[in-house]
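This is what each chain is made of:
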Amino acid sequence: MSPITPDTYTPSPDRYSTMPYRRSGLKLPAISLGFWHNFGDFSSFDTMKQLCFTAFDHGITHFDLANNYGPEPGSAERNAGKILHDYFGAHRDELIISTKAGFDMWPGPYGDHGSRKYLLASLDQSLTRLGLDYVDIFYHHCPDPDTPLEETMGALAQTVTSGKALYVGLSNYDGQRLEAAAAILDELHVPFIIAQNRYNILDRTVERNGLLDAVGKLGKGLITYSPLDQGLLTDRYLDGIPADSRVARDGRFLTEADVARTHDAIVALNTIAAARGQSLADMALAWLLRKREVTSVLVGASRPAQLLDSIGALQGPDFTDDELAAIDRIARDGR
C-alpha cells in the first residue's frame with residue numbers, strides 16, 4: 001500500500017482479497033462502516049480520513065450515514081462528502097453510500113417523520129452535503145404512524161425514479177409494518193433490498209417483533225447496528241467504568257445503570273469468548289454474522305485499530321450448540 005500524504009490516497013491493491021460479500025439484492029461487505037458517532041464536527045478530521053482509508057483498504061465498501069448523524073446533525077454527511085471528494089473520487093463506483101431520513105432534522109412540521117415533502121427535501125439536502133449526484137441506498141429511518149404508508153413508500157419510489165437513489169431500505173420497522181411496506185414497494189417496482197435494525201446478543205427485539213422472520217420470508221437483507229450494544233459487549237466495562245469511557249463522558253446512550261445491570265452477563269459472555277480464543281467484541285460480531293438473515297454488521301470506530309479488530313471477527317471459529325445455548329441463557333438472564 002502506498003503511503004498516504006495529505007493530498008493523496010492509493011488504496012491497497014489487495015483490498016478485495018479477504019472480505020466476504022453477501023448478496024441482499026446488492027452485495028455488501030460482511031462488515032460495514034457506520035458514521036453515527038465519530039464523523040461529526042467534534043471529531044478529528046484526520047482520524048475520519050484514516051478510518052475511511054483503513055476500511056476501504058480491507059474491503060469495506062459500504063459507508064453508512066443519515067441526515068442527522070453528527071454531532072451536529074448534518075456534519076457527518078459534510079465531512080464524509082469532503083473525504084469522498086478529496087480522496088475517493090476515482091473509486092465512487094466501488095463504494096456503497098447510504099443515507100437516511102426520518103428523525104428530527106429541522107424545525108417545523110416538515111422536518112421529520114415520513115411525509116413526501118420531508119423525505120424528498122431531506123435527500124436533496126443530503127446529496128448537497130455529500131457532494132454526490134446519488135446515493136446507493138436511501139432509507140426511511142423510522143416508522144411514522146401519522147403518515148399513510150403509501151405516501152412514505154411513494155416518496156421512496158420517487159427517489160429511485162429520479163435517479164437520486166439506486167435502492168431503498170427501511171430502518172427500525174417491525175415485521176408486520178415491513179411486510180406491508182414491502183408489498184407497496186413491490187407493486188411500485190421499487191428495488192427495496194434491506195432492513196436496518198438494532199440487534200445484538202443482549203438486544204433480541206428483532207426476534208420478538210417479527211422483523212427477523214419477515215426479512216427471511218421476503219428474501220431481504222438485514223444490516224444490524226449497535227452490534228456491541230454501545231460498548232457493553234467489549235472488555236471496556238468488565239472491571240468498572242473507565243474515566244475516559246462513553247459512560248463517563250456522555251451518558252445519553254449508555255448509563256452507569258446499564259453497566260451495573262448487565263455486568264454479570266458481560267463477565268459470563270467474556271468467559272465464553274476467551275475459551276473460543278476471541279475477545280468479547282469479536283464474539284459478539286461473529287454471533288451476528290453466523291445468521292443467514294444478516295447481510296452485514298455496521299461497526300463504529302474512533303480509531304483505525306478498533307476497525308481492524310472488528311474485521312478480525314471474520315476469522316473466528318464456528319459456534320458449537322452448547323456455546324449458543326449458553327449465550328442465549330446468559331443474555332436472557334442479563335436483560
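Residues numbered from 1 in each chain as written. Predicted model: local features only at pLDDT ≥ 70, side-chain atom pairs only at ≥ 80, totals over all residues. Heavy atoms only, no water.

Visitor: Can you break down the pattern of salt bridges residue by residue, with the values?
Guide: Overall, the coordinates contain 15 salt bridges when judged by the stated rule. As a salt-bridge pair, Arg 92 and Asp 136 come within 2.9 Å of each other at their nearest N and O atoms. Taken together, the residues span a long stretch of sequence, with Arg 92 in the loop between helix 2 (75-87) and strand 5 (96-101) and Asp 136 in strand 6 (residues 135-140) at a distance of 44 residues. Judged on exposure class, the residue Arg 92 and its partner Asp 136 are both buried. Ionic pairing is found between Lys 164 and Asp 124, a salt bridge with its closest N-O pair at 2.7 Å. Taken together, the positions of Lys 164 in the loop between helix 4 (149-161) and strand 7 (165-171) and Asp 124 in helix 3 (residues 116-130) put the pair 40 residues apart, joining distant regions of the chain. Of the residues examined, Lys 164 reaches a relative accessible area of 30% and is grouped as partly exposed. A residue is classified by how much of its surface remains accessible, and Asp 124, at 35% relative accessible area, is partly exposed. (Salt bridge = Lys/Arg side-chain N within 4 Å of Asp/Glu carboxyl O. Helix = DSSP H or I, 4+ residues; strand = E, 2+ residues; numbered from the N terminus. Buried < 20%, exposed > 50% of the residue type's maximum accessible area, 1.4 Å probe, protein only.)

Visitor: Let's hear about the pairing of strand 8 (residues 192-198): which residues, and what values?
Guide: Most of strand 8 sits inside the fold, with six of its seven residues counted as buried. Where the polypeptide runs from strand 7 across helix 5 (residues 175-187) and back to strand 8, its parallel neighbour, the crossover connection is right-handed. (Right-handed = clockwise from strand over helix to strand, strands pointing away.)

Visitor: Can you break down the packing of aromatic side chains residue by residue, with the values?
Guide: In this description, an aromatic ring pair is defined by two values, namely the gap between the centres and the angle between the planes. One pass over the structure, following the stated rule, counts 11 aromatic pairs. A ring pair is formed by Phe 35 and Phe 63, whose centres lie 5.5 Å apart and whose planes are at 40 degrees; its orientation type is tilted. Taken as a pair, Phe 35 in the loop between strand 3 (31-34) and helix 1 (45-57) and Phe 63 in strand 4 (residues 62-64) lie far apart in primary sequence, 28 residues in all. Residue Phe 35 is classed as buried on the basis of its relative accessible area of 1%. Clustering of aromatic rings is evident, with ring pairs tying together Tyr 9, Phe 35, Phe 39, Phe 53, Phe 56, Phe 63, Tyr 87 and Phe 88. One Lys or Arg, Lys 291, reaches over the ring of Trp 287 and ends 5.1 Å from the middle of that ring. (Phe/Tyr/Trp six-rings, centres within 6.5 Å; stacked < 30°, edge-to-face > 60°. Lys NZ or Arg CZ within 6 Å of the ring centre and 35° of its normal.)

Visitor: Can you break down the layout of surface pockets residue by residue, with the values?
Guide: In this structure, the second largest pocket occupies an estimated 190 Å³ of space. Lining the second largest pocket, in full, are Arg 22, Arg 276, Ala 286, Leu 289, Arg 290, Ala 313, Leu 314, Gln 315, Gly 316, Pro 317, Asp 318 and Phe 319. Tallied by class, residues from the lining of the second largest pocket come to six nonpolar, two polar and four charged. (1 Å grid on protein atoms, 1.4 Å probe; cavity = no way out; pocket = protein on both sides within 12 Å on 5 of 7 lines; lining within 4 Å. Points joined across faces, edges and corners; volume = space filled by probe spheres on them. Nonpolar A, V, L, I, M, F, W, Y, C, P; charged D, E, K, R; others polar.)

Visitor: I'd love a proper account of the sheet that holds strand 7, names of residues and values included.
Guide: In space, the eight strands of this closed barrel follow the order 3-4-5-6-7-8-9-10, with parallel pairing throughout. Sheet twist, expressed as the average angle between the axes of neighbouring strands with direction ignored, equals 30 degrees. As paired elements, strand 7 and strand 8 share four bridges and run parallel to each other. The partner of Ser 171 across the bridge, within strand 8, is Gln 196. (Pairing = 2+ DSSP bridges. Axes fitted to C-alpha atoms, helices over the stretch in contact; angles between N-to-C directions.)

Visitor: Quick one: what's the story with the packing of helix 3 against helix 4, residue by residue and with numbers?
Guide: Relative to each other, helix 3 and helix 4 sit at 25 degrees, their axes nearing to 8 Å. By the angle between their axes, helix 3 is roughly parallel relative to helix 4. Remark: the crossing between helix 3 and helix 4 carries right-handed chirality. For the pair helix 3 and helix 4, contact is made by Arg 116, Leu 119, Leu 120 and Leu 123 and by Glu 151, Thr 152, Gly 154, Ala 155, Gln 158 and Thr 159, respectively. Taken together, the residues of the contact of helix 3 with helix 4 break down into four nonpolar, four polar and two charged. (Parallel < 35°, antiparallel > 145°, perpendicular 65-115°, else oblique. Left-handed = near helix turned anticlockwise from the far one by under 90°. Contact = heavy atoms within 4.5 Å.)

Visitor: How would you summarise helix 9 (residues 256-275) if you had to cite specific residues and measurements?
Guide: In this model helix 9 runs 28 Å from its N-terminal to its C-terminal C-alpha over 20 residues, within 8% of the 28 Å that 1.5 Å per residue would give. Taken as a whole, helix 9 carries its principal kink of about 55 degrees at His 263. For helix 9, the complete set of buried residues consists of Asp 258, Val 259, Thr 262, Ala 265, Ile 266, Leu 269, Ile 272 and Ala 273. Where helix 9 ends, the next residue or the one after it, Gly 277, has phi of about 80 degrees, a positive value. (Expected span 1.5 Å × (residues − 1). Bend = angle between axes of the 7 residues up to and from the residue.)

Visitor: Please set out helix 7 (residues 211-218) residue by residue, giving values where relevant.
Guide: Note on helix geometry: an α-helix contains 3.6 residues per turn, so any two residues three or four positions apart are oriented the same way. All buried positions along helix 7 are accounted for by Leu 211, Leu 212, Ala 214 and Val 215. Projected onto a plane normal to the axis of helix 7, the buried residues spread over an arc of 165 degrees and lie on a single side. Exposed side of helix 7, more than 90 degrees from the buried face: Asp 213 and Lys 217 are the residues found there. The inward-facing, buried residues of helix 7 abut helix 5, strand 8, helix 6 (205-208) and strand 9 (221-225). (Arc of directions from axis to C-beta.)

Visitor: Report on the confidence of the model for the protein, specifying residues and quantitative values.
Guide: Residues of the protein with pLDDT of at least 70 account for 94%, and the chain-wide mean is 93. When the criterion is pLDDT under 50, residues 1-5 qualifies, and its contacts beyond four places in sequence or with other chains add up to eight contacts. (pLDDT = per-residue confidence, 0-100.)

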